[in-house]
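As a plain string of letters, each chain reads:
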Amino acid sequence: MNTPLPDGLTSAAAAQRHVAEGPNELAASQRRSLLAMAWEVVREPMFLLLIGAGAIYLALGDAHEALVLLGFVFIIMGVTLLQERRTDNALEALRDLSSPRAKALRDGQAVRIPGREVVREDVLMLAEGDRIPADGELLQAHELATDESMLTGESEPVAKQAPGGQVFAGTLVVSGQGVMRVTAIGQATALGHIGQSLGDIALQASPLREEMARLTRQLVIIGSALCVVLMGLFWLMRGGLLDALLAGITLAMGVLPQELPVIMIVFLALAARRLAAQQVLTRRLNAIETLGQTTVLCVDKTGTLTQNRMAVACLVAGDDALDTPDLPLSTLPEPFHQLLEYAVLASETDPHDPMEQAFHQMAGKQLTGTEHLHPEWTLAREYELSSGLLAMSHVWRSADGTLDEVAAKGAPEAVADLCHLPDAQRQQVAAHAARLADQGLRVLAVAKASHPVAQPWPDNQHDFNFEWVGMVGLADPLRPEVPEAIQQCQAAGIRVVMITGDHPHTAAAIGRQAGIDARNVLTGADLFRLPPAELAARVASVNVFARVKPEQKFALVEALKARGEVVAMTGDGVNDAPALKAAHIGIAMGQRGTDVAREAAALVLLNDDFATIVQAIHRGRRTFANLRQAMVYTLAVHLPIIGLAMLPVLFGLPMVLAPLHIAFLELVIDPTCSLVFEAENGRSTLMTEPPRSKSAPLISRELVGLSLLQGGLITAAVLGVYVWLLDTGLATAVSSNMAFVVLVAANAALILPSRSRQTAWRSLWAGMTPVSLWVLGGTLLALTAISTVPMLAQGFGFVALTVGQWSLAMAAGLCTVVPLQLLKHSLARGT
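Report follows, based on the coordinates. Since this is a predicted model, take the numbers as computed values, not measurements. (Residues numbered from 1 in each chain as written. Predicted model: local features only at pLDDT ≥ 70, side-chain atom pairs only at ≥ 80, totals over all residues. Heavy atoms only, no water.)

Some details on the overall build of the chain
Working step 1: The number of helices and strands found in the chain is 30 helices and 22 strands.
Working step 2: Counting across all 831 residues of the chain, residues that qualify as buried make up 52%.
Working step 3: For the chain, the share of sequence-separated contacts (at least 6 apart) that also reach a separation of at least 24 residues comes to 73%.
Working step 4: Entry remark: accessible area of the chain is about 35200 Å², with carbon and sulfur atoms responsible for 59%. (Helix = DSSP H or I, 4+ residues; strand = E, 2+ residues; numbered from the N terminus. Buried < 20%, exposed > 50% of the residue type's maximum accessible area, 1.4 Å probe, protein only. Contact = heavy atoms within 4.5 Å. Areas by Shrake-Rupley, 256 points an atom, 1.4 Å probe, with all protein chains shown as cover.)

As structure tokens, then:
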């Protein structure tokens, strides 16, 4: 027997208890401490090289240079720690959003609250698919079962009884409904005692990260070999082991691409924040890079393409049919009373399903005050929908206890089977259902039966003596933004596949309205019959799948993947979780989706809006395109650093760059890439291009070639100016300062042609974001300070430049934008 439902806590009492006892979360935090972050930074090769260079300066007796270099170590460490903390904060916010939510009774009203705000004595309402946020005792239970494998390791669901049954934090409701009172939260729960943590979000291994690591390893090997060669040449040509080591360290700092992993993490973290602003929660950052590769988007019909607001549109009883949208209050003709009556009896008493809600709403308008509503009857037994029979039945006991009335509803063919209709009548039912489905209606059939109280209930609902009552057609209007969004997907080379449990004719009608090719439709029965090889062939051309059971979605995803497709999949139910996990990108519905579906997914749509998926795909393509541009730029600006570290040794010239200068350049390159390129809007044609191939490298050979040519051009310009200045008799410190100004100015100028692939001159400044202007201005301002202010210039080993010298060097560096753009233009014409 269930306990009467209490009112729950008041909001004030809950707030007081939350303050007194703390949030409902485990103490074990995934957040890294500042000390741990600092230790990770110190172990980076770049910082070890900086410290090594400082030690060599001390050994050479140059304490001033060593201290300045050490200062840069702390500055770079501070900047890195700040960025790491920002990334952690972004991920922490995502964890909070993705943690389980609870439906609590507060002030007598059911409200949705974050799981961490649940307190002791809260009254929570549980439904299928929920993750239970705290330990508690059951007050009410209706066919409730939970998955406690997280605690016990046993995969079998555990049936729960009320009152007095116990439920535990972290477990999943796999069936039924219930009401619980919270007895323990956070560390006091059984899960807390074990010490496990929930809501973990991490950047897993991915093709992009693996490619990045491979590129980094290759550059490290090349750089190490060049360093050994340079140290040997320096020692042979100039002598001085410590000076040779310093030259080698300078080259190593120039070669090591330590920005690459930093840039990738920053780009993905910032993209996740931007997606959150578009109502898309990123649970796995890798999904952002995969979005640009998506070739097939599998979507539910109900609630994703349609509004999930069902309304009864048509009633069919015998040979009579009635269109109901404009039916005045209490004017339903008598022949249809019984049909609506048993449709309500076959539904839950407090329904969450949109179709059952539509039955109750219409009955409230049309049957109130008639003998066809039975508030005094009690629900005695339920027969659930099964994979073998797409129908469900409710057994109701009359108030006097003399008769059990049975109401059934389900797919027309399933209810026809329950009623044992002859073949001729089944064909009539199928034809009529098809005509309704062709109008885009969801069609359900209704049946009734009487059962003597003295006889036991059968184990199978099929054994009742059912009588056919009629059919109901329900309308779920298409979302207005769907046709345009599907058109955008198709223009982007993404095939949209609709998967539904509806009748094939209904599915085809909705598909046509949405703009999906619905000429061929496969049913769940077809999927069951087809061998894997033939199924893989059929899914290449079929875009509408009807009468599909949730567990069959997994087979569809696997068949698409077997064809080499990159699959994104939407889902909201418990049974959708395997398909969401199997898809390259699982997309869960945030409003109507279950906790288990959200946890299996890589992305969560907080507004359940299909158009948001298209926006997310655009964001994924834009992020990858900007990341690629940033990588090309990074490789290009490293080449002149390498050249200026090696070529003066080979040609017997004074060294231009010291470790201190490269440390400054690192402070310029990192924010340039992470801020300027990440903020770019991307090409206007991003959503008219085909998806990126899975085998396509991050940086193609053509782009590597462009990067090397750009870097080589800047190297030639800087070295040419440096040699010319030395030939004019300028002091080495002045010439080095001017060459450094040319280098930094040329790197800043390279940003302009690197922002896009366009070759028109106006593309250099078109679409410049405020971020780009701030970074360019800040870079040039910092360069001006260290090259013209005597105290700062001396710290860099320079002599302060005059206005004329600074202007000449700055002009020489900025003018490289002309040959850089011409180079891009000529390469584009050549291809």
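Considering the sheet that holds strand 22 (residues 603-605)
Working step 1: As summarised here, the arrangement of the 8 strands in space is 8-22-21-20-9-17-19-18, forming an open sheet in which the pairing is mixed. Single-partner strands in this sheet number two, and they are strand 8 (280-282) and strand 18 (521-523). With strand direction ignored, the average angle separating the axes of adjacent strands in the sheet is 20°.
Working step 2: Pairing analysis gives 3 bridges linking strand 8 to strand 22, with the strands arranged antiparallel. By the bridge assignment, leucine 281 is partnered in strand 22 with valine 604.
Working step 3: Sitting on the sheet, helix 17 (residues 504-514) touches strand 17 (495-499), strand 18 and strand 19 (544-546), and the angle it makes with strand 19 is about 150°. (Pairing = 2+ DSSP bridges. Axes fitted to C-alpha atoms, helices over the stretch in contact; angles between N-to-C directions.)

Brief notes about the side chain of threonine 500
Working step 1: Structurally, threonine 500 can be placed in the loop between strand 17 and helix 17.
Working step 2: Beyond its immediate stretch of four places on either side in the chain, threonine 500 contacts Lys301, Ala507, Phe545, Ala546, Arg547 and Val548.

Remarks on the pairing of strand 2 (residues 109-114)
Working step 1: Relative to strand 2, strand 1 (residues 101-106) is paired through 6 bridges, and the arrangement is antiparallel. If you follow arginine 106 over to strand 2, its bridge partner there is glutamine 109.
Working step 2: Between strand 1 and the antiparallel strand that follows it, strand 2, lie 2 residues; aspartate 107 among them carries a positive phi value of about 55°.

Quick notes on the packing of helix 26 (residues 732-754) against helix 29 (residues 803-814)
Working step 1: Relative orientation of the contacting elements helix 26 and helix 29 amounts to 35°, with a least axis distance of 7 Å. The handedness of the crossing between helix 26 and helix 29 is right-handed. Here helix 26 contributes Val734, Met738, Val741, Val742, Ala745, Ala746 and Ala749 to the contact with helix 29, which in turn contributes Gln805, Trp806, Leu808, Ala809, Met810, Ala812, Gly813 and Leu814.
Working step 2: The residue inventory of the contact of helix 26 with helix 29, partitioned by class, reads 13 nonpolar, 2 polar and no charged. (Left-handed = near helix turned anticlockwise from the far one by under 90°. Nonpolar A, V, L, I, M, F, W, Y, C, P; charged D, E, K, R; others polar.)

Brief notes about the environment of arginine 101
Working step 1: Position of arginine 101 among the secondary structure elements: in strand 1.
Working step 2: When the C-alpha positions of arginine 101 and glycine 115 are compared, they lie 4.6 Å apart, and in sequence the two are 14 residues distant.

Side note on unusual backbone geometry
Working step 1: The step from alanine 162 to proline 163 runs through a cis peptide bond, and the omega angle for that step is 0°.
Working step 2: Along the polypeptide, proline 163 turns up in the loop between strand 5 (158-159) and strand 6 (166-167).
Working step 3: For glutamine 279, which is not glycine, the phi dihedral falls at a positive 70°.
Working step 4: Relative to the elements of secondary structure, glutamine 279 occurs in the loop between helix 9 (259-277) and strand 8.
Working step 5: Relative accessible area serves as the criterion here: at 34%, glutamine 279 is assigned to the partly exposed category.
Working step 6: One non-glycine residue with positive phi stands out, namely histidine 420, at about 55°.
Working step 7: Within the secondary structure layout, histidine 420 lies in the loop between helix 14 (412-418) and helix 15 (423-438).

Some remarks on the environment of histidine 462
Working step 1: With respect to the helices, strands and loops of the structure, histidine 462 is situated in the loop between strand 15 (442-452) and strand 16 (467-475).
Working step 2: Residue classification places histidine 462 among the partly exposed positions, given a relative accessible area of 22%.
Working step 3: Sequence spacing of histidine 462 and leucine 389 is 73 residues, and the spatial spacing of their C-alpha atoms is 9.0 Å.

Some points on the side chain of histidine 394
Working step 1: Along the polypeptide, histidine 394 turns up in strand 13 (residues 391-397).
Working step 2: Given a relative accessible area of 0%, histidine 394 falls into the buried group.
Working step 3: There is a polar contact of 3.1 Å between the side chain of histidine 394 and the side chain of glutamate 382.
Working step 4: Not counting residues within four places of it along the chain, the set of residues in contact with histidine 394 comprises Leu345, Ala346, Ser347, Glu348, Leu379, Arg381, Glu382, Glu405, Val406 and Ala407. (Polar contact = N/O pair within 3.5 Å; in protein donor to acceptor, adjacent residues only side chain to side chain.)

What to know about the environment of methionine 687
Working step 1: Along the chain, methionine 687 falls in the loop between helix 24 (659-677) and helix 25 (701-727).
Working step 2: Since its relative accessible area comes to 14%, methionine 687 is described here as buried.
Working step 3: Each C-alpha atom of the pair methionine 687 and glutamine 615 lies 9.9 Å from the other, and the pair is 72 residues apart in sequence.
Working step 4: Dropping the residues within four chain positions of it, methionine 687 is found in contact with Gln488, Ala491, Ala492, Val614, Ile617, His618 and Arg621.

Here's the deal with the pattern of salt bridges
Working step 1: Counted according to the given criterion, the structure contains 17 salt bridges.
Working step 2: Among the salt bridges present, the one from glutamate 678 reaches arginine 274, with a minimum N-O distance of 2.7 Å. Taken together, the positions of glutamate 678 in the loop between helix 24 and helix 25 and arginine 274 in helix 9 put the pair 404 residues apart, joining distant regions of the chain.
Working step 3: On the accessibility criterion, glutamate 678 (6% relative accessible area) is buried.
Working step 4: For arginine 274, a relative accessible area of 31% gives the class partly exposed.
Working step 5: Put simply, Glu21, Arg120, Glu121, Glu137 and Arg181 are held in one network by salt bridges that share partners. (Salt bridge = Lys/Arg side-chain N within 4 Å of Asp/Glu carboxyl O.)

A word on the sheet that holds strand 15
Working step 1: The strand order across the open sheet built from 7 strands is 11-10-16-15-14-13-12, with neighbouring strands paired in antiparallel fashion. Both outer strands of the open sheet, strand 11 (320-323) and strand 12 (378-383), are each paired with one neighbouring strand and no more. This sheet shows a mean twist of 25° between the axes of neighbouring strands, independent of strand direction.
Working step 2: Pairing analysis gives 7 bridges linking strand 13 to strand 14 (residues 403-410), with the strands arranged antiparallel. Within strand 14, the position partnered with histidine 394 by the bridge is alanine 407.
Working step 3: Contacts from helix 13 (residues 354-366) reach strand 10 (311-317), strand 13, strand 14, strand 15 and strand 16 within the one sheet, and its direction differs from that of strand 10 by about 75°.

Describing helix 26
Working step 1: With 23 residues, helix 26 extends 32 Å between its outermost C-alpha atoms, agreeing within 8% with the 33 Å of an ideal straight helix rising 1.5 Å per residue.
Working step 2: Of all 23 residues making up helix 26, 20 are buried, and the element is well covered by its neighbours. (Expected span 1.5 Å × (residues − 1).)

Some words on the packing of aromatic side chains
Working step 1: The tally for this structure, following the rule as stated, stands at 4 aromatic pairs.
Working step 2: Ring plane angle 70° and centroid distance 5.8 Å describe the contact between phenylalanine 464 and phenylalanine 466, whose orientation is recorded as edge-to-face.
Working step 3: Of the residues examined, phenylalanine 464 reaches a relative accessible area of 3% and is grouped as buried.
Working step 4: The interplanar angle of 45° and the centroid separation of 5.5 Å between the aromatic rings of phenylalanine 740 and phenylalanine 798 together place this pair among those described as tilted. (Phe/Tyr/Trp six-rings, centres within 6.5 Å; stacked < 30°, edge-to-face > 60°.)

Examining a nonpolar patch on the surface
Working step 1: Side chains of Trp761, Trp765, Val818 and Leu822 sit close together on the surface and give an oily, nonpolar patch of about 430 Å² of accessible area.
Working step 2: Overall, leucine 822 belongs to the partly exposed group, its relative accessible area being 46%. (Patch = residues over 30% accessible without salt bridge, like charges linked within 9 Å, V, L, I, M, F, W, Y side chains within 5 Å.)

Some thoughts on the nonpolar core
Working step 1: Ranked by internal contacts, the top residues of the largest apolar core, which has 99 residues, are Leu297, Leu305, Ile587, Phe610 and Phe740.
Working step 2: Residue contributions to this core peak at 17 residues, all from helix 23 (residues 610-651).
Working step 3: Beyond its immediate sequence surroundings of up to four residues, phenylalanine 610 is in contact with Leu297, Val299, Thr304, Leu305, Val482, Ala485, Ile486 and Val496.
Working step 4: Core analysis: the second largest hydrophobic core is formed by 29 residues, Leu522, Val542, Val567 and Ala600 among them. (Core = buried A, V, L, I, M, F, W, Y, C linked by side-chain atoms within 4.5 Å.)

Here's the deal with helix 29
In an α-helix, one turn spans 3.6 residues; hence positions three or four apart end up facing the same way.
Working step 1: With 12 residues, helix 29 should cover 16 Å at 1.5 Å per step; its first-to-last C-alpha distance of 16 Å lies within 8% of that length.
Working step 2: Buried within helix 29 we find Gln805, Ala809, Met810 and Gly813. Projection of helix 29 onto a plane perpendicular to its axis shows the buried side chains occupying an angular sector of 125°, all on one side.
Working step 3: If you follow the buried residues of helix 29, they end up packed against helix 26 and helix 27 (770-788). (Arc of directions from axis to C-beta.)

Here we look at the packing of helix 23 against helix 26
Working step 1: It is at 10 Å that the axes of helix 23 and helix 26 come closest, and there the two elements cross at 155°. Judged by the inter-axis angle, helix 23 sits roughly antiparallel to helix 26. Every pair of crossing elements has a handedness; the one defined by helix 23 and helix 26 is right-handed. Residues Gln629, Tyr633, Ala636, Val637, Pro640 and Leu644 of helix 23 form the contact with helix 26, whose own contacting residues are Leu743, Asn747, Ala748, Leu750, Ile751 and Ser754.
Working step 2: For the contact of helix 23 with helix 26, the residue count by class is 9 nonpolar, 3 polar and no charged. (Parallel < 35°, antiparallel > 145°, perpendicular 65-115°, else oblique.)

By themselves, these observations are geometric and do not establish any function.
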